[in-house]
Amino acid sequence: MVRGRRGKALLIDAHSLIYRAFFALPPMSTNAGEVTNAVYGFTSMLAIVLSTKPDFAAAAFDMAAPTNRSLEYPEYKQGRRPMPDDLRPQIARVREILEAFSIPVYSVAGYEADDIVGTLSAQAEAADMSVTIVSGDLDCLQLVSESVEAMVPRRGITDTMMYGPAQVRQRYGFEPSQLIDYKALRGDTSDNIPGVAGVGEKTAAKLVTEFGSIESLIERLPEMPAGRIRANLEAAVDQMLLAKRLVTIVRDMPLRFDPEKSRWRRYDLDRVRRLFDDLEFRALLSRFPGPETVPVQPTLLFEPVAVVPKLGVVVSGSDELRDLASDLGGSERIALAGVWEGPARTSGLIGLCLCSGPERSFYLPLNHRAGEANLAPGDLASIIGPVLTTTRLVSHDVKESSVGLLAAGIDATGWGFDTFLAAYLLGAGARDPRLEDLAREFLGMELVAVEEILGSGRSARKFGDCSVSEVAGFAAARAQASFQLQPRLAAELTQLGVDYLFHEIELPLAHVLAKMEQEGVGLDVPYLTLIGAELGGQLAAIEAEVAEVADQPINLNAPAQLARFLFEDLRLPAGKRTKTGYSTDAETLEAVRDKHPIVPRILEHRQLSKLKSTYVDALPLLVDPTTGRVHTSLNQAATATGRLSSSNPNLMNIPVRTDLGQRIRRAFISGRPGQLLFAADYSQIELRIAAHLSEDPQMLAAFAAGQDIHAVTAARVFKVDLGAVQPSQRRLAKIANFGSLYGQGEYGLSLQMGIPGEEAREFLAEYWRTYSRLKEYLDSIRAQARAEGMVVNANGRRRSIPDLQSPNFQLRQAAERMAINFPIQSLQADIIKIAMVRLQAELENRSLVGRMILQVHDELVFDVPASELAVFAEMVPRVMTGAYELATGIEVDAKAGPNWADMVEVSQAVA
């Protein structure tokens, strides 16, 4: 089922599920004697359905009062045995469970729980939501439609079947809505509703298929052949109509679906944990998504507000622009939304909307080809620019907005809030949060998507071709959404304890990254052209070697052709298979590297080809013709760890340790007369963080003494003097040191070290005896992550890891490795971000010419005049080492040179 445009609603028929669980599960009780089998079964099902992350959730209960059905038909449900004594108190416990998970409960006198579910589902469906009904009773299948699905247990309580229209048709042979007629004919002994005499399941299904409904059947009874079935039907006309009323789930009862009441909010984990401890459901808690994995939702600090975006006032002419600048000058905050055709840095602003209040939006048209209201070039920077540099600004994606404004000549320094980064932090690492989703969740505002304005395919157009009023409405809605979202998200940041991360690290960094993107990096294109020709010759030579072995040309980029050559012609041991044949991935080829001399050459071809196409051939095409430089995009909310990534081009994956990787790095230059590249990187920062967080005495002592941590590890594991450590021993120790931070086990270490598994096992055992405190720390992170489904670093940065509870062993192991590494890697990311923010401030305060141009993992790269090298050699290490206080201290290595590869000590570079 496609998720509804306004989200997904989960509706639970709690009463039917509780009954189902009580009779499906054997008796269970706590040590105190409380019976819990129904509560346990219900809660197990709840864990399954909440893992789907619904936007809205509600549960329905019966009330102990006469219903509309029993009033019309007193025999309704007569004969049912009374509620068991052990079940009654469990219903109250289930209510506690639902309340703890922030799921509201609906009960209405005179109606049953399935009527409540039916009514709520109808209203949710009408509001363009998708709906999942969870029930212990197949009666709910009559509610199924293209936007309503039903989950019903098949056996027990957690073995479930999901029914959509197709599944209902497959099971019964007719439409979901016709189940009402089917059941009215067949009867329902559980509810004491009699069926038509002589009409069983097959006959009822046949009649429904032939006549469509009870009403049609009654009308066409004279057409039926005379016989027992017809006579029975004629005698039961009133009974059939009554039965149909009784089995029909009410969908229009006096009840309103309140989206804000039913919005699934982050629940109180401590409260849930206390309740589960009381019920002795400790292991069950791990099956639920952690509270931080719940989508960002508004808190109760604000009354829900339905916001309707207003069309922005279109500003035309310099005089109106000056009046606007004067009017906005005293604003407390201004939300802005820019409109670009493509990348903000190069496309130029089509228009800019400024919003200073719910009813105050002003659109500034700048580059509309279809409109005559464009403002004069330069007016934006000269008239509005001063306002944007002195007022607190709000935007969705401050970095992108900063880049666009910088390209328009405005250095907006007063950024006060970014809804994009706020949602990223609140979402525990959820990537690239959309303004449309936030506006819908918090404001009830439906924003027009870009595709709805521009169209798609051949009919697609550009913003510049749209009318001014179209784009003004689009931009105004986005600016108003950002303006309204700011206080709500700010409250969420404070409540979750990530406001420090937001205000001190991420928000100021966004503007720093914008300036780095604008600056770009120089590229030696002729040098790359020479490398490209050289690589082309090497690739051709390898292809000729393969053709000679195969007695025919082989396309090494065609997996099927390569697989036939290796595993059929050469008869090498085949590895795993894919849907299309034998795999030829790197792991498979590495496994047969030593089986034939041509395999290493194929692997070399693959590496050379990838580097040639990704960097050597692609980089020159990305040089901006205006600046003569490459401008990578630095992505701030694209990783769950908080690390930056880069794209177009990706400069973070250039191999550092290979000769070709170094040659590609050599192509990155200043490109400006009298300037050099200056680079500074953190020395063993992740190991220092690990020692700091774990307080491992052995690691702390090694760093305090200024010793080589890898040599120290080798000396202790191999039990030799520090001075007697062999290079091979240090290499193994280095692999183990870094592998420990990524949760690497014996198998992974044996592969990476190139030693037998037993030897790796013994090595690892001695390693953990040496660093026992580190092991305790990593084990505690693993255990906490399993319990909570997420990890939090020292600064409050969070990462949700749902696969920690996956039944798939490989997924679960990978999730544990992520959990172990996150506190370390994310803190490293925070440290270098803090350094970047402080360095940019010092660069500007001291009016230095040098600029920060790249960040790659632990390294910062600057484009610096030779005359400022001494200044940078003092300033950069000082700021980087002072960015965070670690018990191990922080060390920074700094070098300079004519390019990114050929770097030496600063004193030598100056000379």
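Here is what the cut-offs are and how they apply
- Residues numbered from 1 in each chain as written.
- Predicted model: local features only at pLDDT ≥ 70, side-chain atom pairs only at ≥ 80, totals over all residues.
- Heavy atoms only, no water.
- Helix = DSSP H or I, 4+ residues; strand = E, 2+ residues; numbered from the N terminus.
- Buried < 20%, exposed > 50% of the residue type's maximum accessible area, 1.4 Å probe, protein only.
- Contact = heavy atoms within 4.5 Å.
- Areas by Shrake-Rupley, 256 points an atom, 1.4 Å probe, with all protein chains shown as cover.
- Axes fitted to C-alpha atoms, helices over the stretch in contact; angles between N-to-C directions.
- Parallel < 35°, antiparallel > 145°, perpendicular 65-115°, else oblique.
- Left-handed = near helix turned anticlockwise from the far one by under 90°.
- Nonpolar A, V, L, I, M, F, W, Y, C, P; charged D, E, K, R; others polar.
- Expected span 1.5 Å × (residues − 1).
- Pairing = 2+ DSSP bridges.
- 1 Å grid on protein atoms, 1.4 Å probe; cavity = no way out; pocket = protein on both sides within 12 Å on 5 of 7 lines; lining within 4 Å.
- Points joined across faces, edges and corners; volume = space filled by probe spheres on them.
- Salt bridge = Lys/Arg side-chain N within 4 Å of Asp/Glu carboxyl O.
- Polar contact = N/O pair within 3.5 Å; in protein donor to acceptor, adjacent residues only side chain to side chain.
- pLDDT = per-residue confidence, 0-100.
- Phe/Tyr/Trp six-rings, centres within 6.5 Å; stacked < 30°, edge-to-face > 60°.

Student: Give me the overall build of the protein: which residues, what numbers.
Tutor: Across its full length, the protein carries 38 helices and 25 strands. Viewed in the frame of its principal axes, the protein has a C-alpha envelope of about 110 × 80 × 65 Å. Taken over 911 residues, the protein has a buried fraction of 54%. Intrachain contacts of the protein at a sequence separation of at least 6 include 69% that bridge at least 24 residues. Total accessible area computed for the protein in this model is approximately 39300 Å², and 51% of it derives from carbon and sulfur atoms.

Student: Break down the packing of helix H22 (residues 499–519) against helix H36 (residues 809–845) for me, citing the residues and quoting the values.
Tutor: Between H22 and H36, the shortest axis-to-axis distance is 9 Å and the interhelical angle comes to 60°. Classed by the angle they form, the pair H22 and H36 counts as oblique. Where H22 crosses over H36, the handedness of that crossing is left-handed. In contact with Tyr-500, Leu-501, Ile-505, Glu-506, Pro-508, Leu-509, Val-512, Leu-513, Lys-515 and Met-516 of H22, H36 contributes Asp-830, Lys-833, Ile-834, Met-836, Val-837, Gln-840 and Glu-844. For the contact of H22 with H36, the class distribution of residues is 11 nonpolar, one polar and five charged.

Student: Any chance you could break down the environment of Ile-383 for me, citing the residues and the numbers?
Tutor: Structurally, the position occupied by Ile-383 is in helix H16 (residues 379–388). With a relative accessible area of 13%, Ile-383 lands in the buried category. Distance from Ile-383 to Met-28, taken between C-alpha atoms, is 74 Å for residues 355 residues apart in sequence. With near-sequence residues (within four places) excluded, Ile-383 lies in contact with Ser-318, Leu-321, Arg-322 and Ala-325.

Student: An account of helix H2 (residues 37–50) is needed here, citing residue identities and associated values.
Tutor: Taking 1.5 Å of rise per residue, 14 residues should cover 20 Å, and H2 covers 20 Å from first to last C-alpha, within 8% of that figure. Where burial is concerned, most of H2 is hidden: 12 out of the 14 residues are buried. Within the span of H2, buried status applies to Asn-37, Ala-38, Val-39, Gly-41, Phe-42, Thr-43, Ser-44, Met-45, Leu-46, Ala-47, Val-49 and Leu-50.

Student: Hey, could you go over the packing of helix H18 (residues 419–426) against H22 for me, with residue numbers and the actual values?
Tutor: Relative orientation of the contacting elements H18 and H22 amounts to 135°, with a least axis distance of 10 Å. On the basis of their axis angle, the class for H18 and H22 is oblique. Judged by the twist between their axes, the crossing of H18 over H22 is right-handed. Contacts between H18 and H22 pair Leu-421, Ala-422 and Leu-425 from the former with Leu-501, Phe-502, Glu-506, Leu-507 and Ala-510 from the latter. When its residues are assigned to classes, the contact of H18 with H22 shows seven nonpolar, no polar and one charged.

Student: With reference to specific residues and values, describe the sheet that holds strand E10 (residues 360–365).
Tutor: Within a sheet, each strand pairs with its neighbour through backbone hydrogen bonds, oriented either parallel or antiparallel. An order of E7-E10-E9-E8-E11-E12 is seen for the six strands of this open sheet, with the pairing classed as mixed. In this open sheet, the two edge strands, each paired with only one partner strand, are strand E7 (313–314) and strand E12 (415–418). Across three bridges, the pairing between strand E11 (residues 392–395) and E12 is parallel. When the bridges of E12 are listed, Leu-393 appears paired with Trp-415. Packing of helix H14 (residues 318–328) onto the sheet brings it into contact with E7, strand E8 (333–340), strand E9 (349–357) and E10, and relative to E10 it is tilted by some 145°. The sheet contacts of H18 involve E11 and E12, and relative to E12 the element is tilted by about 50°.

Student: An account of the pairing of E9 is needed here, citing residue identities and associated values.
Tutor: In terms of burial, E9 is a largely internal element, nine of the nine residues being buried. In this structure, E8 lies alongside E9, joined through six bridges in antiparallel fashion. By the bridge assignment, Gly-338 is partnered in E9 with Leu-352. When E9 meets E10, the two strands line up antiparallel, connected through six bridges. Bridge assignment links Cys-353 to a residue of E10, and that residue is Tyr-363. Where E9 folds back onto E10 in an antiparallel hairpin, the turn is made up of two residues.

Student: Now, about empty space enclosed by the protein: what can you tell me, with residues and values included?
Tutor: The probe, sized like a water molecule, is rolled over the atoms to show the empty space still left. In total, this model carries four cavities of 30 Å³ or more according to the counting rule given. If you add up the space inside the largest cavity, you get close to 60 Å³. Lining the largest cavity, in full, are Gly-642, Arg-643, Leu-644, Met-652, Gln-828, Ala-829, Ile-832, Lys-833, Gln-855 and His-857. Looking at the lining of the largest cavity element by element, the count peaks at four residues for H36. Across the lining of the largest cavity, the residue classes tally to four nonpolar, four polar and two charged.

Student: Go over unusual backbone geometry with me, naming the residues and quoting the values.
Tutor: Cis geometry marks the peptide bond from Asn-648 to Pro-649; its omega dihedral reads 5°. The topology assignment puts Pro-649 in the loop between strand E18 (645–647) and helix H28 (659–665). Non-glycine residue Asp-551 carries a positive phi angle of around 65°. Overall, Asp-551 belongs to the exposed group, its relative accessible area being 71%.

Student: Any details on the pattern of salt bridges? Residues and values, ideally.
Tutor: Across all of its chains, the model carries 50 salt bridges by this definition. A salt bridge links Arg-169 to Glu-175; the shortest N-O distance between them is 2.8 Å. Taking relative accessible area as the criterion, Glu-175 reaches 33% and is therefore assigned partly exposed. In this structure, Glu-842 and Arg-878 form a salt bridge, with 2.6 Å as the shortest nitrogen-oxygen distance. Of this pair, Glu-842 sits in helix H36 while Arg-878 is found in helix H37 (residues 869–881), placing the two residues 36 residues apart along the sequence. Among the charged side chains, a salt-bridge network with shared partners connects Lys-775, Asp-779, Arg-782, Arg-786 and Glu-816.

Student: Any chance you could break down the sheet that holds strand E6 (residues 159–163) for me, citing the residues and the numbers?
Tutor: Across the sheet, six strands lie side by side as E3-E2-E1-E4-E5-E6; this open sheet has mixed pairing. A single partner strand is all that each edge strand has here, and the edge strands are strand E3 (105–106) and E6. Sitting on the sheet, helix H5 (residues 113–126) touches strand E1 (8–13), strand E2 (56–60), E3, strand E4 (130–134) and strand E5 (148–155), and the angle it makes with E1 is about 170°.

Student: Outline helix H11 (residues 237–247), listing residues and values.
Tutor: Taken together, the buried positions of H11 are Val-237, Met-240, Leu-242, Ala-243, Lys-244, Leu-246 and Val-247. Packed against the buried residues of H11 are helix H3 (68–72), helix H7 (179–186), helix H9 (214–219) and helix H10 (228–235).

Student: Break down the pairing of E1 for me, citing the residues and quoting the values.
Tutor: Among the six residues in E1, six count as buried, and that is most of the element. As paired elements, E1 and E4 share five bridges and run parallel to each other. The partner of Leu-11 across the bridge, within E4, is Ile-133. Two elements, E1 and E2, share five bridges in a ladder whose sense is parallel. Looking at the pairing, Ala-9 lines up with Phe-56 of E2.

Student: Any chance you could break down the side chain of Arg-798 for me, citing the residues and the numbers?
Tutor: Examined against the element boundaries, Arg-798 turns out to sit in strand E22 (residues 798–800). At 3.3 Å, the side chain of Arg-798 forms a polar contact with the backbone oxygen of Leu-496.

Student: Got a sec to walk through the confidence of the model for the protein? Specific residues and values, please.
Tutor: Looking at the protein as a whole, its pLDDT mean stands at 86, while 94% of the residues score no less than 70. In this model residues 297–307 is a low-confidence stretch, pLDDT under 50, and it forms 31 contacts with partners more than four residues away in sequence or in other chains.

Student: Go over the packing of aromatic side chains with me, naming the residues and quoting the values.
Tutor: All told, the structure shown has 20 aromatic pairs when counted by the stated rule. The interplanar angle of 70° and the centroid separation of 6.3 Å between the aromatic rings of Phe-56 and Phe-257 together place this pair among those described as edge-to-face. Of this pair, Phe-56 sits in strand E2 while Phe-257 sits in the loop between H11 and helix H12 (259–262); the two residues are 201 residues apart in sequence, bridging distant segments of the chain. For the pair formed by Phe-56 and Phe-257, the shared burial category is buried. A ring pair is formed by Tyr-767 and Tyr-771, whose centres lie 5.2 Å apart and whose planes are at 70°; its orientation type is edge-to-face. Note on Tyr-767: relative accessible area 1%, which makes it buried. Classification of Tyr-771 by relative accessible area gives buried; the value is 0%.

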